[in-house]
Amino acid sequence: MPQAWSVIDYRGAFTFASPPERVWAAIERVDTFEQSWGWLSEFHLEGDGLAPGSVLIGVVSPPLPYRMRLRVVVEGSDPGRRIDAAVHGDLEGRASLVLDPAGEGTRATVAWTIEMVQRPMRIAARVGYPLLRWGHDRVVEATVSGFRRRLESQA
């Protein structure tokens with residue numbers, strides 16, 4: 001059974017000025033992910049876009065001295081509306097993204113529950129969970145800010 005200090009349970013909602021179909025189109029541009037987010041490297045996609053069975057592979061480097069290798073397997077996809085995925089590698093868990101219209105824009109709701117399985121991360125989490133959570137939250141903020149800038153530049 002996972003220890004509370006080794007799990008990140010996250011729920012967040014973000015609004016974008018663009019309608020859901022434009023937000024989805026930007027999400028499908030996985031070839032731009034690595035250039036958009038400095039915390040992501042060695043990124044590539046195996047499969048056909050964001051269809052079930054596709055796998056997104058990369059390395060996440062938060063503003064802390066560790067790196068995480070991840071494989072995100074798309075388990076379900078309702079284009080323009082929802083993605084459900086399993087996360088494997090140095091983190092294990094489940095994640096989802098739901099896009100809903102919000103006036104002329106979009107409300108993106110994200111959720112994930114991931115367990116740190118990398119031994120150094122588990123040791124660090126046991127004594128410094130607030131610091132690891134801080135790093136996680138900075139990556140989320142950078143992701144949303146970068147995505148918002150990308151959407152605005154494509155407008």
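One structure accompanies this document, and this report is about it. (Residues numbered from 1 in each chain as written. Predicted model: local features only at pLDDT ≥ 70, side-chain atom pairs only at ≥ 80, totals over all residues. Heavy atoms only, no water.)

1. Remarks on the sheet that holds strand β3 (residues 55-60)
Across the sheet, seven strands lie side by side as β1-β7-β6-β5-β4-β3-β2; this open sheet has antiparallel pairing. Since the sheet does not close on itself, it has two edges, and those belong to β1 (7-16) and β2 (40-46), each with one partner. In this sheet, adjacent strand axes meet at a mean angle of 15 degrees when their direction is disregarded. Sitting on the sheet, helix α1 (residues 20-28) is in contact with β1, β4 (68-78), β5 (82-89), β6 (91-102) and β7 (105-116), with an inclination near 150 degrees to β6. (Pairing = 2+ DSSP bridges. Helix = DSSP H or I, 4+ residues; strand = E, 2+ residues; numbered from the N terminus. Axes fitted to C-alpha atoms, helices over the stretch in contact; angles between N-to-C directions. Contact = heavy atoms within 4.5 Å.)

2. A few points about the nonpolar core
Formed by 40 residues in total, the largest nonpolar core has its most connected members in Phe 16, Ile 27, Leu 91 and Phe 147. Here Phe 16 is in contact with Val 23, Gly 105, Thr 106, Ala 108, Val 144, Phe 147, Arg 148 and Leu 151, once residues within four sequence places are set aside. (Core = buried A, V, L, I, M, F, W, Y, C linked by side-chain atoms within 4.5 Å. Buried < 20%, exposed > 50% of the residue type's maximum accessible area, 1.4 Å probe, protein only.)

3. Describing unusual backbone geometry
In the Ramachandran plot, Glu 42 falls in the positive-phi region, its phi being about 50 degrees despite a non-glycine side chain. Mapped onto the secondary structure, Glu 42 falls in strand β2. Judged by its relative accessible area of 42%, Glu 42 is partly exposed.

4. Side note on the pairing of β4
Inspection of the sheet shows β3 paired to β4 by six bridges, in the antiparallel sense. Within the sheet, the bridge partner assigned to Val 59 lies in β4 and is Arg 69. The turn linking β4 back onto β5 is made up of three residues, and Gly 80 within it adopts a positive phi angle of 85 degrees.

5. A look at the packing of aromatic side chains
Scanning the entire structure with this criterion turns up five aromatic pairs. Judged by centre distance (4.8 Å) and plane angle (20 degrees), the rings of Tyr 10 and Trp 112 are stacked. Residue Tyr 10 is found in strand β1, and its partner Trp 112 is found in strand β7; the two are separated by 102 residues along the sequence. For the pair Phe 16 and Phe 147, a centre-to-centre distance of 5.4 Å together with 85 degrees between the ring planes defines the contact as edge-to-face. Pair noted here: Phe 16 is in strand β1 and Phe 147 is in helix α3 (residues 119-154), with a separation of 131 residues, a long-range link. The burial state of Phe 16 is the same as that of Phe 147; both residues are buried. Put simply, the rings of Phe 33, Trp 37, Trp 39 and Phe 43 touch in pairs and so form one group of aromatic residues. Lying over the aromatic face of Trp 37, Arg 150 brings its terminal NZ or CZ to 5.5 Å of the ring centre. (Phe/Tyr/Trp six-rings, centres within 6.5 Å; stacked < 30°, edge-to-face > 60°. Lys NZ or Arg CZ within 6 Å of the ring centre and 35° of its normal.)

6. Considerations on the pattern of salt bridges
Note on pairing: side chains with opposite charge can pair once their charged atoms come close. Inspection of every chain in the model, using the stated rule, returns nine salt bridges. Between Glu 42 and Arg 69 there is a salt bridge, with its nearest N and O atoms 2.8 Å apart. Here Arg 69 lies in strand β4 and Glu 42 lies in strand β2, a separation of 27 residues in the sequence. Its salt-bridge partner being Asp 100, residue Arg 81 comes within 2.7 Å of it at the nearest N-O pair. (Salt bridge = Lys/Arg side-chain N within 4 Å of Asp/Glu carboxyl O.)

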